[in-house]
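Here is what each chain is made of, one letter per residue.
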Number of protein chains: 2
Amino acid sequence: MTINVFFAAGSDSWAEYQGPLGDAFAEAGLDVALSPEAPDPTRVDYLIYAPTRGEFDFSPYQNCKAVLNLWAGVERIVTNPTLTQPLCRMVNHELTEGMVEYVVGHVLRHHLGMDAHIHGQDSIWRNTVLPPLARQRRVTVLGMGALGSAAGQALTALNFPVTGWSRTEKSIPGLRCVWSDEGLSVALACADILVTLLPRTPDTDNLLNAERLALMPSGAVIINPGRGQLIDDDALLAALDAGHISHATLDVFRVEPLPPDHPYWAHPKVTITPHIAADTRAGSAARVVAENIRRGEAGESLLHLVDRARGY
Amino acid sequence: MTINVFFAAGSDSWAEYQGPLGDAFAEAGLDVALSPEAPDPTRVDYLIYAPTRGEFDFSPYQNCKAVLNLWAGVERIVTNPTLTQPLCRMVNHELTEGMVEYVVGHVLRHHLGMDAHIHGQDSIWRNTVLPPLARQRRVTVLGMGALGSAAGQALTALNFPVTGWSRTEKSIPGLRCVWSDEGLSVALACADILVTLLPRTPDTDNLLNAERLALMPSGAVIINPGRGQLIDDDALLAALDAGHISHATLDVFRVEPLPPDHPYWAHPKVTITPHIAADTRAGSAARVVAENIRRGEAGESLLHLVDRARGY
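Note that this is a predicted model, so its numbers are computed, not measured.

Caption draft 1: Geometry of the overall build of chain A. Along the backbone of chain A there are nine helices and twelve strands. Expressed as lengths along the three principal axes of its C-alpha atoms, the size of chain A is roughly 70 × 45 × 40 Å. Within chain A, buried positions represent 51% of all 312 residues. Taking contacts inside chain A between residues at least 6 apart in sequence as the whole, the part at least 24 apart equals 61%. Accessible surface, chain A as shown: approximately 13700 Å² in total, 51% of it carbon and sulfur. Of the charged side chains in chain A, 24 are positive and 35 negative; the average position of the first set lies 6 Å away from that of the second.

Caption draft 2: A look at the interface of chain B and chain A. The partner chain A presents 51 residues to the 51 residues of chain B that form the contact. For the pair chain B and chain A, the summed buried surface comes to about 4500 Å²; carbon and sulfur atoms form 67% of the total. It is Glu101, Trp125 and Trp265 of chain B in chain B that bury the most area against chain A; as a group they hold 18% of the surface buried on that side. Run the count over chain B and chain A and you get two salt bridges. Two residues, Arg135 of chain B and Glu97 of chain A, come together in a salt bridge whose shortest N-O distance is 2.8 Å. In this structure, the connection of chain B to chain A is made through ten residue pairs in polar contact (both at pLDDT 80 or more). When residues of the side of chain B that touches chain A are traced back to their parent elements, those giving at least two are helix 2 (93–112), helix 3 (114–119) and strand 12 (270–272) of chain B. Looking at the side of chain B that touches chain A element by element, the count peaks at 13 residues for helix 2 of chain B.

Caption draft 3: Structural context of empty space enclosed by the protein. A full pass over the atoms with the stated rule returns five cavities of 30 Å³ or more. Broken down by secondary-structure element, the contributors of at least two residues to the lining of the largest cavity are helix 2 (93–112) of chain A together with helix 2 and helix 3 of chain B. Among the elements that make up the lining of the largest cavity, the one with the highest residue count is helix 2 of chain A (four residues). There is about 90 Å³ of room inside the second largest cavity. In terms of residues, the lining of the second largest cavity owes the most to one element, helix 2 of chain B, which gives four residues. Considered class by class, the residues forming the lining of the second largest cavity number seven nonpolar, four polar and two charged.

Caption draft 4: Quick look at the sheet that holds strand 5 (residues 87–88) of chain A. Residue and element names in this part refer to chain A. Spatially, 2-1-3-4-5 is the arrangement adopted by the five strands of the open sheet, whose pairing is parallel. Strand pairing shows two members of the sheet lacking a second neighbour, strand 2 (32–35) and strand 5, which therefore form its edges. Where strand 1 (residues 3–8) and strand 3 (residues 46–49) come together, four bridges link them in parallel fashion. Bridge pairing in strand 3 places Val5 opposite Tyr46. Relative to strand 2, helix 1 (residues 11–27) is tilted by about 175 degrees, and along the sheet it contacts strand 1, strand 2 and strand 3.

Caption draft 5: Layout of unusual backbone geometry. Between Glu256 of chain A and Pro257 of chain A the backbone carries a cis peptide bond, its omega angle lying at -10 degrees. Checked against the element boundaries, Pro257 of chain A lands in the loop between strand 11 (245–250) and helix 8 (263–266). The phi torsion at His304 of chain A lies on the positive side, around 55 degrees, for a residue other than glycine. Secondary-structure assignment places His304 of chain A in the segment after helix 9 (282–298). Here His304 of chain A falls in the partly exposed class, since its relative accessible area comes to 28%. Positioned with a positive phi, Ser180 of chain B is a non-glycine residue whose angle comes to about 70 degrees. Structurally, the position occupied by Ser180 of chain B is in helix 5 (residues 180–189).

Caption draft 6: Structural detail: the relation of the copies chain B and chain A. Structural alignment of chain B on chain A gives an RMSD of 0.2 Å, achieved by rotating through 180 degrees and translating 0.1 Å along the axis. The operation mapping one copy onto its partner corresponds to a two-fold rotation axis. Of every C-alpha in chain B, the one belonging to Gly105 of chain B sits nearest the axis of rotation, 2.9 Å from it.

Caption draft 7: Looking closely at helix 4 (residues 146–157) of chain A. Residue and element names in this part refer to chain A. An ideal rise of 1.5 Å per residue puts 16 Å on twelve residues; helix 4 measures up with 17 Å between its terminal C-alpha atoms. Of the residues making up helix 4, those classed as buried are Gly148, Ser149, Ala150, Ala151, Gly152, Ala154 and Leu155. Next to the buried residues of helix 4 lie helix 2, strand 6 (139–142) and strand 7 (162–166). Downstream of helix 4 by a residue or two, Asn159 has a phi angle that is positive, lying close to 80 degrees.

Caption draft 8: Main features of the pairing of strand 10 (residues 220–224) of chain A. Residues and elements named next belong to chain A. Burial runs high along strand 10: five of the five residues are buried. Across the two faces of strand 10 the burial is the same, with Ala220, Ile222 and Asn224 and Val221 and Ile223 all buried. Here strand 10 pairs with strand 11 via five bridges, running parallel. Considered in strand 11, the bridge of Ala220 is made with Ile245.

Caption draft 9: Examining the sheet that holds strand 6 of chain A more closely. All names here are of chain A. Pairing is parallel across the open sheet formed by seven strands, whose spatial order is 8-7-6-9-10-11-12. Looking along the sheet, the strands with just one partner apiece sit at the ends: strand 8 (176–179) and strand 12 (270–272). Looking at each pair of strands side by side, their axes are set apart by 15 degrees on average, direction ignored. As defined by bridge partners, strand 6 adjoins strand 7 across four bridges and the pair is classed as parallel.

Caption draft 10: Highlighting the packing of aromatic side chains. If you walk through the whole model with that rule in mind, you get 19 aromatic pairs over all chains. Look at Phe253 of chain A and Trp125 of chain B: their rings are 5.7 Å apart centre to centre, the planes differ by 75 degrees, and that puts the pair in the edge-to-face class. Of this pair, Phe253 of chain A sits in the loop between strand 11 and helix 8 while Trp125 of chain B sits in the loop between helix 3 and strand 6 (139–142), each in a different chain. Residue Trp125 of chain B is classed as buried on the basis of its relative accessible area of 16%. Ring centres of Phe7 of chain B and Tyr17 of chain B lie 6.2 Å apart, and the angle between their planes is 35 degrees; on these two criteria the pair is classed as tilted. On the criterion of sequence distance, the pair formed by Phe7 of chain B in strand 1 (residues 3–8) and Tyr17 of chain B in helix 1 (residues 11–27) is long-range, its members being ten residues apart. Here the aromatic residues Phe6, Tyr49, Phe56, Phe58 and Tyr61 of chain A are joined through ring pairs into a cluster of three or more.

Conventions used here
- All chains use their own residue numbering, which begins from 1 and follows the written sequence.
- Lettering for chains starts from A, numbering for ligands starts from 1, and both go in the order in which the items are written.
- Given that the model is predicted, a residue must reach a pLDDT of at least 70 before its local features are reported, and side-chain atom pairs must reach 80 or more before they are shown or counted; all residues, however, enter totals for whole chains, interfaces and linings.
- By convention in this description, side-chain values take in all heavy atoms of the structure and omit both hydrogens and water.
- Working definition: helices are DSSP H or I runs of at least four residues, strands are E runs of at least two. Numbering for both runs from the N terminus.
- Relative accessibility decides the category of a residue: with a 1.4 Å probe and only protein chains considered, values under 20% of the type maximum give buried, values over 50% give exposed, and everything between is partly exposed.
- Only heavy atoms enter the contact rule, under which two residues are in contact if any of them lie within 4.5 Å.
- Surface accessibility follows the Shrake-Rupley procedure with a 1.4 Å probe radius. Residue values consider only the protein chains on display as shielding.
- Only four residue types enter the tally: Lys and Arg on the positive side, Asp and Glu on the negative side, with His and both chain ends excluded.
- Lys charges are placed at NZ, Arg charges at CZ, Asp charges at CG and Glu charges at CD.
- Note on definitions: buried area is the accessible-area loss of two parts on being combined, 1.4 Å probe, summed for both.
- A pair is scored as a salt bridge if a Lys or Arg side-chain nitrogen falls within 4 Å of a carboxyl oxygen belonging to Asp or Glu.
- Side-chain atoms alone can form a polar contact between residues adjacent in sequence; in general such a contact is a pair of N or O atoms within 3.5 Å, and within protein one must be able to donate a hydrogen while the other accepts it.
- Using only the protein atoms, space was sampled on a 1 Å grid; points where a 1.4 Å probe fits but cannot get out form cavities, open sets with protein on both sides within 12 Å along at least five of seven lines form pockets, and lining residues are those with an atom within 4 Å of a point.
- Grid points are joined across faces, edges and corners, and a volume is the space filled by probe spheres set on the points.
- Under the scheme applied here, ten amino acids are nonpolar (Ala, Val, Leu, Ile, Met, Phe, Trp, Tyr, Cys and Pro), four are charged (Asp, Glu, Lys and Arg), and all others, including Gly, are polar.
- Being paired, for any two strands, means DSSP has found at least two bridges between them.
- Axis definition: a line fit to C-alpha positions, over the contact stretch in the case of helices; interaxial angles, taken between N-to-C directions, run 0 to 180 degrees.
- What sets the superposition is a least-squares fit of C-alpha atoms, and only residues with pLDDT of at least 70 in both copies go into it.
- Working rule for helices: expected span equals 1.5 Å times residues minus one.
- Pairing of aromatic rings covers Phe, Tyr and Trp, the last counted by its six-membered ring, and requires centre-to-centre distances within 6.5 Å; plane angles under 30 degrees mean stacked, over 60 mean edge-to-face, and any other angle means tilted.

In structure tokens, the structure reads:
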């Protein structure tokens, strides 16, 4: 019998997910009627959702066996009083993998001083200064969530001494964990290379302001694949111009795409990557959705089921 | 009582090692008279040696308790018939660490397509193409010695599917190992990124010739931190110009420093690093030497003692 799946995650997502979901259902051997419209809510078997959809009334979907969220975060859904169906969040290992690759790659790029070799093919052989080893290069990661802790552990595996900071107390194997405002000063003071992987919250807005940048070692490097709002842009530009911060590699910005006239574009000490550090990949997300529908139809337990009481 | 140590590793090395050895002896609490001259060979307690010294007669050093080699390789000493004293080779973890950092860094650089961002700050936001993950990027490492296997395993830890090739059969956890001429063709055919970490031998001279480069996937990248002689330079330049190889990052060359008029310098698809991938660091090597002298004086067993029958 055909399974009716309502794609209620917004029209932009529909363009991105229609193909991958069709492929994933076929791969799983599922006979699915997938649609971005649901003329009769009572006939919907599964609902694919994303918070971009905005306000949503789940109550008419009385026979819906599960709501499958396309995002990892469910903080904007669990508070919806009309949602009584089982809710599954997206857990996508590829998102973490992509982030770890970006962070380790750019940390090693700065550690090894690659840019001088990439830019400078001037026929002059300069091999007098032996670069320090990773064990002599201190890295601090701000944010010890899934992404920050995975990136920190990958750097530890390469011998970097890693300090991980989070708002509240955490313990991550292989890292020196610090927390609270006091811990932040400690974490910044030993950041030869700083990686910012905090979520955007009122607490983290302009976290890296002039005062906190001044706590970092002279010549430090900043890599921000987290959120543009974490950094006070004017303070960073001033610290780069003063030479206190030697380079910033930025993947995220307050306004994206970064406007063509933004001073970051022309700054010789800034590298811009266009929000590519990590992204949910429709292909793998579609396979997670298909697997959960297969499980639901086979009477097996669903993956990544949200505990409504805990909120995640 | 003062320990007499004769530094017989050549005058260039003396300039590099004199300070670090003095520091290491002081750190170990050893009362050492270190000299690059040995007026009375019978009074020498320990001999520090490197093959750069050339022909050497060890027989007058009748009371020498050990010959401490500054190099990992001892193939040019073990055949010396005058050497009857215990021989220790240098095992230096920092050499491996430096090499792993270089290899992982440059593999990630090419994997992430960093150069385009490092070069191209042109105010255009290009984020339409999601890059592949490491698990979709095949890396081959030629050479499964201490350096090649450590680099291969570090890449495996980052999810790269790694194929490791060696002349003879080997088994390295986490890598797909292949060997022999047949295995070399297999290893080259799946090398989206190729890392060459073979020693220089008559067998490896011009290993990467035109025929073998043609076996690699179109658009492949080559990273050579091994030996310049592994690559047929003309064949590589032709493959780069034809677009079959998209980039070569080279750390070692047949002639070093690389002559200013060498075509590699001006080639837009070549990155030159000046033999910095990995090097014996005098500081840590000096500490290994000091530790062995401390052990010798305390009657403890020496580290990294060479088995003359096996030859290493």
